[in-house]
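Given next are the chains, with one letter for each unit.
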Amino acid sequence: MDCLGRVSCHIVHYLRNVTQGTHPPVWQDQALNSPVMKTTSQLRIHKRYSGFDRRTTAMAWHPTNPNVVAVGSKGGDIIMWNYELDGDNPRITIKGLGPGGSIQALQFDERNNGCKAYTVSIDGTLALHDFLLKNRRTFLETEDLDHWYTSLDVSVQGGVMIIGDNKGYVNLLTLDGEQLWQEKLHKQKVTHIEFCRSMPWCLVTTSVDRSLKIWDIRNMKTRNSYVVNHMHRKPINSAYFSRTDGGRIVTTDQESEIRVYSCPSFNLSHVIPHPHRQFQHLTPIKATWHPLRDIIVVGRYPDPVFPGYVSNEPRTIDFFNAATGELMYQHMDKGYSDKIVSLNMFNNTGDRLLSAAGMFVWVWKPRFDHQKSNSCKGSKDSDSDGDSGDENDNTRKKLTRRKSTNVVEKEMKFAVNKMKIGKNKK
């Protein structure tokens, strides 16, 4: 509280409570969302890649380099893309098999300076790809067209990786591919599998059988040895632990629900109605997390039968407050306004967003007010596709509060005067 006895939202008071071991009031905690969302609202398309001949299916950020990503496609193609050095044309590309080679999951190998990545594919393999030598090492291979691997996660801390398949089986292996354990944990295809980064013994799995299960990897024996089991109304696409402290899980189903489960017992805390309908030729939409706050990011696929639908509803990227279930912000850009953004993933610092829609991949970067002013001067500080920040704002204003006409006129006059001064100096 401040000197008048009121509850304060000031960040200094929040930090004081934390350092003194006092649990901050809810309002103080939620106030920290404001600067995060302020930066998020400034995101603009910075770089784009459109070299795949089939839709994007998996992607990952480099563990240490914030300018590097890896992306896989339905045709099995994989790129390692330094978007700042390579521009819109990645220099490292691994060609896939084409039909039947779809990359289902992808993750960098943190032990090799990010020069290698694990993948699981519809071709029935678990493989480690070397981006520099452009070769691969296969650890598992089903040799069966009806049996393939669907999900993957790696725990460098635990020295293991875990793999799910389309039959409901889960495999535990060392990082060098030695198989330690295999068990049928679900009745149908495993759609997502992930270790909790803050509790490396904790594992979550989801399935087409509509179940979400949480496991203690130290005590995995049978399909019924789970710690928690929650049933959904529809098959589940994904379940991600929050990146702040692992204290929440967000799930995305195959119809119109996002669910939030919270520690310590991972009970259901929120059900968020959200249109992200499943479609055979669309990469499943998956809700993920912002790394700095428990804010959910997910692409929207407007549905005419969804409550509240409006005609020509835009295909936005939506941001939800996981603590309240509240819709905080809807983001869009005229560069993708007609596309459905299936995958979104922030980097570790939260100032870059990697998105995929169909065969297109984008990297978003904040574009602040002073950078917009520079672009008005005729500088080259614009997005790679030629769209200026002001043009992107015209699209965004449909979803956010408009600036007054007077403010815009003052900004333009200021920019024009600066241009005149620059010419006179020359």
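See the structure above.
Report on the accompanying structure. (Residues numbered from 1 in each chain as written. Predicted model: local features only at pLDDT ≥ 70, side-chain atom pairs only at ≥ 80, totals over all residues. Heavy atoms only, no water.)

Turning to the overall build of the chain, a few remarks are in order. Across its full length, the chain holds seven helices and 28 strands. Looking at the 426 residues of the chain, the share that counts as buried comes to 52%. Relative to all contacts within the chain whose residues are 6 or more apart in sequence, the contacts with residues 24 or more apart total 48%. Element-wise, carbon and sulfur atoms account for 51% of the exposed surface of the chain, whose accessible area totals about 20,300 Å². (Helix = DSSP H or I, 4+ residues; strand = E, 2+ residues; numbered from the N terminus. Buried < 20%, exposed > 50% of the residue type's maximum accessible area, 1.4 Å probe, protein only. Contact = heavy atoms within 4.5 Å. Areas by Shrake-Rupley, 256 points an atom, 1.4 Å probe, with all protein chains shown as cover.)

Burial analysis of strand β7 (residues 116-121) places five of its six residues in the buried class, the great majority of the element. Here five bridges tie strand β6 (residues 103-108) to β7, and the two strands are oriented antiparallel to one another. When the sheet's bridge partners are listed, isoleucine 103 is paired in β7 with serine 121. As paired elements, β7 and strand β8 (residues 125-130) share five bridges and run antiparallel to each other. Following the sheet pairing, lysine 116 is matched in β8 by aspartate 130. Linkage of β7 to β8, two consecutive antiparallel strands, is achieved through a turn of three residues, within which glycine 124 is found at a positive phi near 85°. (Pairing = 2+ DSSP bridges.)

This next bit is on the sheet that holds β6. In space, the four strands of this open sheet follow the order β6-β7-β8-β9, with antiparallel pairing throughout. Two strands in the sheet have a free side with no partner beyond their single neighbour: β6 and β9 (135-141). Strand-to-strand twist of the sheet, defined as the mean angle between neighbouring strand axes without regard to direction, takes the value 20°. (Axes fitted to C-alpha atoms, helices over the stretch in contact; angles between N-to-C directions.)

So, on to the pattern of salt bridges. Enumeration over the complete set of coordinates arrives at 14 salt bridges. The salt bridge partner of aspartate 294 is arginine 248, with a shortest N-O separation of 2.6 Å. In this pair, aspartate 294 sits in the loop between β22 (288-289) and β23 (295-299) while arginine 248 sits in strand β19 (residues 248-253), placing the two residues 46 residues apart along the sequence. For arginine 248, a relative accessible area of 22% corresponds to the partly exposed category. Bridged by salt links that share partners, the residues Asp109, Arg111 and Asp176 form one connected network. (Salt bridge = Lys/Arg side-chain N within 4 Å of Asp/Glu carboxyl O.)

Relative to the elements of secondary structure, threonine 206 occurs in strand β15 (residues 202-207). Judged by relative accessible area, threonine 206 falls into the buried class, the value being 0%. Within polar-contact distance, the side chain of threonine 206 engages the side chain of threonine 191 at 2.8 Å. (Polar contact = N/O pair within 3.5 Å; in protein donor to acceptor, adjacent residues only side chain to side chain.)

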